[in-house]
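# Tertiary structure, described
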Amino acid sequence: AVEALKHVNFTIKNGERVWFDHTGAAVNRYEIVNWQRGSDGSVEFKPVGYYDASLPSDQRFALNSEAIIWPGGGKEAPISVCSESCHPGTYKVLQKGKHVCCFDCVPCAVGEFSNTTGLCQTKD
């Protein structure tokens, strides 16, 4: 059956090509869409990129981030953390009951220092 699948290659009504790789698996092809609000309030699905496993590895993924409209109508990606990065001399402590992106910055203990974000080390 796998041998037969290797020779299947056809185009469906919407113009999409269907074919299978050397293992008999369907070749992964995805269109990346952004849900955007239309002028009449309807939801529109706008293509903003693709992933196509049939292409060479450096061409498989493409994203036009400038075409994305984020919730609230903005062009800038929302901030995905609820806490600012910790400054040198402090480390991260997760806030109980919240996501890992929510943390407090606590000063390093006496005899320790931090010259990287969120990590204390013992002075040598």
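Everything here concerns the structure above.
Structural notes, computed from the coordinates.

Parameters and conventions
- Residues numbered from 1 in each chain as written.
- Predicted model: local features only at pLDDT ≥ 70, side-chain atom pairs only at ≥ 80, totals over all residues.
- Heavy atoms only, no water.
- Helix = DSSP H or I, 4+ residues; strand = E, 2+ residues; numbered from the N terminus.
- Polar contact = N/O pair within 3.5 Å; in protein donor to acceptor, adjacent residues only side chain to side chain.
- Buried < 20%, exposed > 50% of the residue type's maximum accessible area, 1.4 Å probe, protein only.
- Contact = heavy atoms within 4.5 Å.
- Disulfide = S-S within 2.5 Å.
- Phe/Tyr/Trp six-rings, centres within 6.5 Å; stacked < 30°, edge-to-face > 60°.
- Pairing = 2+ DSSP bridges.
- Axes fitted to C-alpha atoms, helices over the stretch in contact; angles between N-to-C directions.

### Focus on the side chain of T90
On the secondary structure map, T90 appears in strand β6 (residues 90-94). A polar contact is formed between the side chain of T90 and the backbone oxygen of H87, at a distance of 2.6 Å.

### Focus: the environment of G49
Its place among the elements puts G49 in strand β4 (residues 43-52). Take G49: its relative accessible area is 16%, and that puts it in the buried class. Sequence spacing of G49 and L94 is 45 residues, and the spatial spacing of their C-alpha atoms is 35 Å. Those residues in contact with G49, other than ones at most four positions away along the chain, are E31, I32, A62 and L63.

### Structural notes on the state of the cysteines
What is meant by a disulfide is a covalent connection between two cysteines, made through their sulfur atoms. The full count for this structure, using the stated rule, is one disulfide. At a sulfur-sulfur separation of 2.2 Å, the disulfide partner of C86 is C105. Residues C86 and C105 share a disulfide whose torsion about the S-S bond is about -90°; that sign makes it left-handed. Of this pair, C86 sits in the loop between β5 (61-63) and β6 while C105 sits in strand β7 (residues 103-107), and the two are 19 residues apart along the sequence. You can call C86 buried: its relative accessible area is 3%. Left unpaired, C101 is separated from the closest cysteine sulfur, that of C102, by 4.0 Å.

### Some details on the packing of aromatic side chains
Any pair of aromatic rings gets described here by the distance separating the centres and the angle formed by the planes. Summed over the entire model, instances satisfying the criterion amount to two aromatic pairs. Centre to centre, the rings of W35 and F45 are 5.1 Å apart; their planes meet at 90°, and the pair counts as edge-to-face. Of the two residues, W35 is situated in strand β3 (residues 29-37) and F45 in strand β4; the sequence distance between them amounts to 10 residues. The exposure classification of W35 matches that of F45, with both residues exposed.

### Considering the sheet that holds β5
Sheet strands pair by backbone hydrogen bonding; their relative direction is either parallel or antiparallel. The three strands are arranged β3-β4-β5 in an open sheet whose pairing can be described as antiparallel. The open sheet has two edge strands with one neighbour each: β3 and β5. Pairwise comparison of adjacent strand axes, ignoring direction, gives a mean angle of 30° for this sheet. Pairing analysis gives nine bridges linking β3 to β4, with the strands arranged antiparallel. Looking at β4, one finds that E31 is bridged to Y50.

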